[in-house]
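Each chain, letter by letter, is given below.
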Amino acid sequence: MVAGLECLAMNVIKRFAHAFDPVMLLTLIVCAFTLWPLLYRAGLPNGDDVLYHVYRAAEMDRAWAHGVYMPRWAEAFYEGYGAPLFHYYASLTYYSTSILTQVLGTNAVDSLRTLIALGALGGGLGMYGFVRAYAGKAGGVIAAICYVYSPYILFTEPYSRGAYPELMAFALFPLVMWTYSRLTHEGGARAFLLAAVGSGALIITHNLMALVLTAVLAAWIVWGFIQIRIEPQRRREGTERRSYFRSREFKNSLLALLALAIGIGLTAYFWLPVAKEGDAVKLSNLIGVAQLDYRRFFVPVLHLLDFSPRLDGGAFNGLEHQLNLGVAQWVLALAGVIGMVGVWVWNRRTIMVGAQSLAPLRKPIGQVLFFGVMSAVFVGLMLPAAGGLWAVLSPLAFLQFPWRLLGPAAFCLSVLAGMNALWLERLPKRFGVVLAGGVVVLVIVLASPLLYVPEWTHTTVDTSVTAYQQAEVQGLQRATTFSNEYLPKSVSVEPAASARLMADYADGYPINKADLEALPADVTVTPMNHTPQEDVWTVKSPNTFTFEVLTYYWLGWAAEVDGQAVMITPSDQNGLITLPVPAGEHTVRVYLGSTPARDVGNAISLLSVVGLVGIGGFLTQRHKATKTQRSEIEPPSRQEDLTAETQRKESWSLVGGIGVGAVVALVFLVGYMRESGAWVVSPVGQAVLAQHKLDYRLGEQIRLIGYDLNGDTFRAGDRVEIKAYWYTTAPIQYGYASFVHISTGGPPLAQADKLNPADIPTKIWPSTGYLHDDYVIELPADMPAGEYQLLIGLYTCDTRPAGDCGNGDRLTVTDASGQTVGDEVKLATITIR
């Protein structure tokens, strides 16, 4: 007995030792440096969407507390009238936060913090595993570091945007690509199951990125078929040449395509109802709101290629999106492409003398070609020049922000960066090791300014229904959407908040969703049960009447009276559920049921589960049956064996250099992550990082303390980019709008205006720090050459009679000496050539 246990323990230890990859551990350690912003502060920053997702996570927790684990309806939203948010919005992030809440006892904020950390580690791990198969361990580490330290993944997604579902998609995608890579290389039931489930999980992370990333995955699989087809046929030892369709590579790629189809089928319960029932809510608002017009969010090429700047903790609104690729990322990607081309050309020249073999390079070259093209596609789609293509391909408008493609671009560039290992390992050992370490230092040093996150304001968040609904009443976070895209179509005019219903939510469960104020005087309604998607009452009435429920009507809501289905209809304008109740005492039940689209989607998902299990079982049996036939597969030639062994030895030396580079980078971070190092904090009333310092006073309270300008010479049709720095010395009485004019003294030839300078109403401007205010002016294509004045000023209509604003009343401008200089500030003189 003891001997048997010892034998079992030894086998487990041997299997663990065989599977353990110390380089993977190194990768996780280096990726863990990105968690710096989370380690010394609680809570989350003031990112654009942070509170949206905090409140959604809390709402999912409440649904789980009542046994509804895959809700479609968010009952507390819209002051308790509810919204089908979880039906239309991919919810894996919120399932995950609820699991963390159940397992770890965390609140919504800490669960999201945990997801950020897991996303950084998981994304790095997946990138390492995927690229390792083509560029070795060193290449995997380089790719992982480039990915998790790319500005969009490191800073913009988790902090300045707070777009956690999209961040989870970018964290999961490398893991999914890793599973598909293993499937195409090895086949097998386990790889098939992981690939199918992984691609299914990707689909329910984020609607838009699921489409983009699944398309990339599908294209990669198809590219694999093309690679197999164009590779030279290799003669098997002792066998005849295998046909294309009988090759192991083709069969594994076919399995990958099948796994993707199964993954899509597994999530049909989600995407099919979304596709078929999109017109039941106001999804068109996603592209119908001017603030979300994709034309406003292209990124000039120089911005994409720019360095990540230091940030200023002295700014009130200093949490800006970083919309650049990362200099280290695009430089290393370019080096990877050039290096791989050089290796390929060199090997082709020496192949005739038998010194090299092209076989080990075929798959890496295939990856370079594919991800090089995809990088160019994603970067190209973000440029202003792509506006015409976006207009032709109208579905692209639903992406809203072209710069969203920075995430997929970061993945593609990181794969290309990992390919540097294949030429570094061919250098003399000393140079290769130094350069490998230098790569790590370069990536982390250039990313270090983004490890400081300003505006870290949400140290705690009250996620109670009461706090959330009070914010909604104030017009904030309504249904956790920006454009009411999940408001049911039946709602023409939103009803006023019900004080009685909100008080009911404040008191806690049970909730009475009956519209008590609209009941006839002789009707009594007694609540029997309430859950997020069901209400039951006992109703007594001497007459037939129309029963109104304080829940928005939407597809799937159904009603029963004494177990018999009755028709429900939306109330006029307000769109609340109404149903007829006959005279007498009855049990009335209103519940969220199914629809034909949901039934079909559920059936497809169930069939996909059956198919997944069946195919997995078949592959397991097939593996056992063919285990003894592996000798039919052509072994690599002796030359290929020697080449691979040499590469492995060189890769370990590169890994050592990477480890040293990581230590150097960590030492640098310890010394640099401080004020006046990685970031600055401007004194009150100053903007230290402004290109041009100013001191103008507009009115009594507002000062213009600086500006940035992207040049002084332009051509007709160019973009003029201005950043103004404002500071207020005291609370501001009126709401001011701003203007920026390009003029020769008369009417402006080009201009930009804002209702709220710095995108914040001036009435709530603080005196605790400055506000940066960005403007972009597209010069007319026919603008005459010459010199022009760049002017800025503020005006208000609040001092005019209602309906008689005209040009408004401009604030008087005085300079630093107190002299009045007019009603506008001359920022600069620019030249149009």
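Heads up: these notes are all about the structure in this document. (Residues numbered from 1 in each chain as written. Predicted model: local features only at pLDDT ≥ 70, side-chain atom pairs only at ≥ 80, totals over all residues. Heavy atoms only, no water.)

## Quick look at the overall build of the protein
- Looking only at helices and strands, the protein features 25 helices and 22 strands.
- In terms of C-alpha radius of gyration, the protein reaches 31 Å, essentially the compact-globule figure of 28 Å for 833 residues.
- Seen along its three principal axes, the alpha-carbon backbone of the protein occupies a region of about 90 × 85 × 55 Å.
- Out of the 833 residues in the protein, the part that is buried amounts to 53%.
- About 36,400 Å² of surface is accessible on the protein, with carbon and sulfur atoms providing 61% of the total.
- Of the charged side chains in the protein, 61 are positive and 67 negative, and the gap between their average positions amounts to 15 Å. (Helix = DSSP H or I, 4+ residues; strand = E, 2+ residues; numbered from the N terminus. Rg over C-alpha atoms; globule rule 2.2 N^0.38 Å. Buried < 20%, exposed > 50% of the residue type's maximum accessible area, 1.4 Å probe, protein only. Areas by Shrake-Rupley, 256 points an atom, 1.4 Å probe, with all protein chains shown as cover. Lys, Arg positive; Asp, Glu negative; His and termini not counted. Charge placed at Lys NZ, Arg CZ, Asp CG, Glu CD.)

## Remarks on unusual backbone geometry
- Positive phi, normally seen in glycine, also occurs at Gln 400, with a value near 70°.
- At Asp 562, a residue that is not glycine, the phi angle is positive and equals roughly 55°.
- Along the chain, Asp 562 falls in the loop between strand 5 (557–561) and strand 6 (564–566).

## Details of the sheet that holds strand 14 (residues 719–728)
- Read across the open sheet, the six strands follow the order 17-14-12-11-20-21; overall the sheet is antiparallel. The open sheet has two edge strands, strand 17 (771–778) and strand 21 (820–822), and neither has a second partner.
- Here strand 14 runs beside strand 17; their pairing, made up of eight bridges, is antiparallel. The residue of strand 17 that forms the bridge with Lys 723 is Asp 774. (Pairing = 2+ DSSP bridges.)

## Concerning the pattern of salt bridges
- Inspection of every chain in the model, using the stated rule, returns 29 salt bridges.
- The partner of Arg 478 in a salt bridge is Glu 494, and the shortest N-O contact between them spans 2.3 Å. Of the two residues, Arg 478 is situated in the loop between helix 22 (465–473) and helix 23 (499–507) and Glu 494 in the loop between helix 22 and helix 23; the sequence distance between them amounts to 16 residues.
- Residue Arg 478 is classed as buried on the basis of its relative accessible area of 18%.
- Between Arg 719 and Glu 778 there is a salt bridge whose closest N-O contact spans 3.5 Å. Note that Arg 719 is positioned in strand 14 and Glu 778 in strand 17, a separation of 59 residues in sequence.
- Looking at Arg 719, the relative accessible area reads 21%, which means it is partly exposed. (Salt bridge = Lys/Arg side-chain N within 4 Å of Asp/Glu carboxyl O.)

## As for the environment of Ile 760
- Summarising the element assignment, Ile 760 is placed in the loop between strand 16 (750–754) and strand 17.
- On a C-alpha basis, the gap between Ile 760 and Gly 735 in space is 9.9 Å, while along the polypeptide they are 25 residues apart.
- When sequence neighbours within four positions are dropped, the list of residues in contact with Ile 760 reads Phe 316, Asn 317, Trp 765 and Leu 771. (Contact = heavy atoms within 4.5 Å.)

## A few points about the sheet that holds strand 8 (residues 576–581)
- Judged by pairing direction, the sheet is antiparallel, and its three strands sit side by side in the order 4-8-7 without closing on themselves. Each edge of the open sheet is held by one strand with a lone partner, namely strand 4 (545–552) and strand 7 (569–570).
- Two strands pair when backbone bridges link them, and strand 4 and strand 8 are joined in this way by six bridges, in the antiparallel orientation. Paired with Thr 546 across the bridge in strand 8 is Pro 580.

## Considerations on the environment of Val 825
- Within the secondary structure, Val 825 sits in strand 22 (residues 825–832).
- A residue is classified by how much of its surface remains accessible, and Val 825, at 1% relative accessible area, is buried.
- Counting along the chain gives 288 residues from Val 825 to Trp 537, while the straight-line C-alpha distance between them is 66 Å.
- Not counting residues up to four positions away in its chain, the partners in contact with Val 825 are Tyr 696, Leu 698, Leu 704, Leu 790, Leu 791, Ile 792 and Val 813.

## Notes on the state of the cysteines
- Applying the stated criterion to the full structure yields one disulfide.
- With a sulfur-sulfur separation of 1.6 Å, Cys 797 is cross-linked through a disulfide to Cys 805. When the S-S torsion is -45°, as for the bridge of Cys 797 with Cys 805, the disulfide is left-handed.
- Residue class for Cys 797 comes out partly exposed when judged on its relative accessible area of 31%. (Disulfide = S-S within 2.5 Å.)

## Notes on the environment of Ile 568
- Position of Ile 568 relative to the elements: it lies in the loop between strand 6 and strand 7.
- Remark: the alpha-carbon pair of Ile 568 and Leu 319, spanning 249 residues in sequence, is separated by 47 Å.
- For Ile 568, the residues in contact, after removing those within four places along its chain, are Tyr 553, Trp 557, Ala 558, Ala 559, Ile 577, Thr 578 and Leu 579.

## Brief notes about the packing of aromatic side chains
- Applying the stated criterion across every chain, the model contains 38 aromatic pairs.
- Judged by centre distance (5.9 Å) and plane angle (80°), the ring pair of Phe 130 and Phe 371 falls under edge-to-face. Of this pair, Phe 130 sits in helix 7 (residues 108–148) while Phe 371 sits in helix 17 (residues 359–382), and the two are 241 residues apart along the sequence. Each member of the pair, Phe 130 together with Phe 371, is buried.
- Geometrically, the ring pair formed by Tyr 734 and Tyr 736 is edge-to-face, given 6.5 Å between the ring centres and 80° between the ring planes.
- Every member of this aromatic cluster is reached through a ring pair, and the members are Phe 130, Tyr 134, Tyr 147, Phe 173, Trp 220, Phe 370, Phe 371 and Phe 411. (Phe/Tyr/Trp six-rings, centres within 6.5 Å; stacked < 30°, edge-to-face > 60°.)

Remember that the coordinates give geometry; whether it matters functionally is a separate question.
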